[in-house]
Every structure is written in C-alpha cells, then in structure tokens.
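So you can see what is in the structure, the chains are spelled out below.
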Amino acid sequence: MQLQRSDLIGGACAALALGLIAWLSLDSWAITRCEEILSATPAGEAGQVSPEQARCLKRQNQRPATEN
C-alpha cells in the first residue's frame, strides 16, 4: 500500500478540523465557566474581586454588546 498525495492532504485537513473543533470547544467551555463564576457572586455585593472573577469580567467586556 502506497501513501498518495491525496491521502496526506486528507489527513492534514482532518487534523486541522479536529484542532479547530477542540479550540472552539475550549473557548465555549471558558465562556460557560465564566458565566457560572459571575452568577455565583451575589448581585450588588461590593468587595474584593478574585483574580478568576477579574479575568472573567475582562473576557466578558471584550465581547460585542450585540450578537448577530
């Protein structure tokens, strides 16, 4: 059995697709985790913000206000 050029191209495309899916899954997981962290804090409670909450707030403020 010989490895053809099309086999290599197909393998590279599959690897890229898996990488993209993994990256999008991790990004979605991070968004969900931040929503959980921010919703766990009682509303209107003034006090120290943990580093994890600060990262989530920074991430949330970078997203566009409206989504298409």
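Our subject is the structure listed above.
Residues numbered from 1 in each chain as written. Predicted model: local features only at pLDDT ≥ 70, side-chain atom pairs only at ≥ 80, totals over all residues. Heavy atoms only, no water.

Visitor: So what about the pattern of salt bridges? Which residues, and what values?
Guide: Counted under the stated rule, the structure contains two salt bridges. As a salt-bridge pair, glutamate 36 and arginine 33 come within 3.8 Å of each other at their nearest N and O atoms. With glutamate 36 and arginine 33 both in helix 1 (residues 5-40) and three residues apart, this pair spans about one turn of that helix. For glutamate 36, a relative accessible area of 44% translates into the label partly exposed. Across the pair glutamate 52 and arginine 33 runs a salt bridge, and its minimum N-O distance is 4.0 Å. Residue glutamate 52 is located in helix 2 (residues 51-62), and its partner arginine 33 is located in helix 1; the two are separated by 19 residues in the primary sequence. Arginine 33 gets classed as partly exposed once you look at its relative accessible area, which sits at 41%. In the salt-bridge network here, residues are joined through shared partners; they are Arg33, Glu36 and Glu52. (Salt bridge = Lys/Arg side-chain N within 4 Å of Asp/Glu carboxyl O. Helix = DSSP H or I, 4+ residues; strand = E, 2+ residues; numbered from the N terminus. Buried < 20%, exposed > 50% of the residue type's maximum accessible area, 1.4 Å probe, protein only.)

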